[in-house]
Amino acid sequence: MKTMSNSFARSYTLTRRLGTKVQLAGKMMYLPNSRVPRVVQKLTLSQVAAIPRDRYSVKVIESTQTSKVTFANRYRRMLLSARRERLRFHGRFERAARASDFIVPKAQIVPETISANADSTKKYTTVIELLDLAKKEIKVLYHENRELRRIQKDAPPGYSGIFFPPVDEGKMSDCILKVVERYFGSEDTGEIRDKKYKLPQFCVLMYYYFRRINILQNTSRQPFCLYLLKKVFENESKFTSRTFNNYATAPEFAEVEKDFTYASRLNINFKYHPLPSENPLQDAFHEIGWAFHNSSYFEELRELQKNTRRFLI
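Summary of the structure given here.

Conventions and cut-offs
- Residues numbered from 1 in each chain as written.
- Predicted model: local features only at pLDDT ≥ 70, side-chain atom pairs only at ≥ 80, totals over all residues.
- Heavy atoms only, no water.
- Disulfide = S-S within 2.5 Å.
- Buried < 20%, exposed > 50% of the residue type's maximum accessible area, 1.4 Å probe, protein only.
- Axes fitted to C-alpha atoms, helices over the stretch in contact; angles between N-to-C directions.
- Helix = DSSP H or I, 4+ residues; strand = E, 2+ residues; numbered from the N terminus.
- Parallel < 35°, antiparallel > 145°, perpendicular 65-115°, else oblique.
- Contact = heavy atoms within 4.5 Å.
- Nonpolar A, V, L, I, M, F, W, Y, C, P; charged D, E, K, R; others polar.
- Pairing = 2+ DSSP bridges.
- Polar contact = N/O pair within 3.5 Å; in protein donor to acceptor, adjacent residues only side chain to side chain.

### Topic: the state of the cysteines
Part 1: Under the definition given, this model contains 0 disulfides.
Part 2: The thiol sulfur of Cys203 is not disulfide-bonded, and the nearest other cysteine sulfur, from Cys225, lies at 8.2 Å.
Part 3: Take Cys203: its relative accessible area is 0%, and that puts it in the buried class.

Structure below.
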């Protein structure tokens, strides 16, 4: 087997460690790739401006803000340490709660831009990430932040009687939000099985699914809506009690309510994606149920269900 030449080996190693070498604004620099999703280097403002923003997330760190980055990273480490502590000892909420006060969103650690009168010849430490990676990390931090704040706020956890025990209302709210993000992102309208739906329409179909699988202790529509407003869409204007009830009582949804909520009337296997049919609303309902059925929290609930069946009481 032939060995790589020294020049090629050096080039391969450099690409693997520093990213992909390119020329932008007349100068050489490195951009992230699949092997190196994040690159840190010193660049001029013209080089920073030339980086394609549709593919990369760019953060510039001014030399005067070194202490700020150190401070933020220190408390970010504290957050992760507290999270590990919380996972090991579920009853010890205090340490995790205190750490949540110091959460610093990663996207805010460094400024987005440099002032217009900055020195154009000066080089600034620049963090470049693949855009998909940056979005994923921000989303992970958001959910960790939400979880810790919920624990701090609801200790002991709040209980409204919506779900049968042992369903955790807080964990379920996180689960719902993740499924919403799958189809809606940050928008009010999402696409489910090639058809556009508004968020309240999604919530009505989700409500039907929860009734169908018998996890709702209180099956009334209004208490479930209030749960969503309080636990899931707090301070969000895109979901209101009025829009939820308007769609729930609309003929399109009212006509299928019994078919969707009674398993004996409609045979659906939520383990699998729906096959296209002549009923788009049923396909959307099937798809939503599939998303919940295959979520990590529903896997946790199935494990709880399996364990309780072993009880000899």
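### Topic: the packing of helix H6 (residues 169-184) against helix H8 (residues 221-232)
Part 1: The geometry of H6 relative to H8 is characterised by a closest axis approach of 10 Å and an angle of 85° between their N-to-C directions. Our classification of the angle between H6 and H8 gives roughly perpendicular. Here Glu169, Met172, Ser173, Ile176 and Leu177 of H6 lie close against H8, whose contacting residues are Tyr227, Leu228, Lys231 and Val232.
Part 2: Taken together, the residues of the contact of H6 with H8 break down into 6 nonpolar, 1 polar and 2 charged.

### Describing the side chain of His286
Part 1: Examined against the element boundaries, His286 turns out to sit in helix H12 (residues 280-293).
Part 2: In this structure, His286 is in contact with Ile268, Asn269, Phe270, Tyr272, His273 and Pro274, ignoring residues within four places of it in sequence.

### Concerning the pairing of strand E7 (residues 195-198)
Part 1: Strand direction decides the pairing type here: strand E6 (residues 189-192) and E7, joined by 4 bridges, are antiparallel. Bridging from a neighbouring strand, Glu191 pairs with Lys196 of E7.
Part 2: The turn joining E6 and E7, which pair antiparallel and follow one another in sequence, is formed by 2 residues; a positive phi near 55° is taken by Arg193.

### Quick look at the sheet that holds strand E3 (residues 38-43)
Within a sheet, adjacent strands bond to each other through the backbone by hydrogen bonds, running parallel or antiparallel.
Part 1: Here 3 strands make up an open sheet; going across it, the order is E3-E5-E4 and the pairing antiparallel. Lying at the two open borders of the sheet, with one neighbouring strand each, are E3 and strand E4 (56-61). When the angles between neighbouring strand axes are averaged without regard to direction, this sheet yields 25°.
Part 2: Bridging between E4 and strand E5 (residues 124-130) involves 6 bridges; their strand directions are antiparallel. Within E5, the position partnered with Tyr56 by the bridge is Leu130.

### Thoughts on the side chain of Asn33
Part 1: Position of Asn33 relative to the elements: it lies in the loop between strand E2 (27-31) and E3.
Part 2: Judged by relative accessible area, which is 13%, Asn33 ranks as buried.
Part 3: Only 2.9 Å separates the side chain of Asn33 from the side chain of Thr20, close enough to count as a polar contact.
Part 4: A polar side-chain atom of Asn33 sits 2.7 Å from the main-chain amide nitrogen of Val36.

### What to know about unusual backbone geometry
Part 1: Cis geometry marks the peptide bond from Pro165 to Pro166; its omega dihedral reads 10°.
Part 2: With respect to the helices and strands, the residue Pro166 is situated in the loop between helix H5 (131-153) and H6.
Part 3: At Arg193, a residue that is not glycine, the phi angle is positive and equals roughly 55°.
Part 4: By the element assignment, Arg193 lies in the loop between E6 and E7.
Part 5: Residue Asn214 is not a glycine yet carries a positive backbone phi of 60°.
Part 6: Along the polypeptide, Asn214 turns up in the loop between helix H7 (199-212) and H8.
Part 7: By relative accessible area, which is 60% here, Asn214 ends up exposed.

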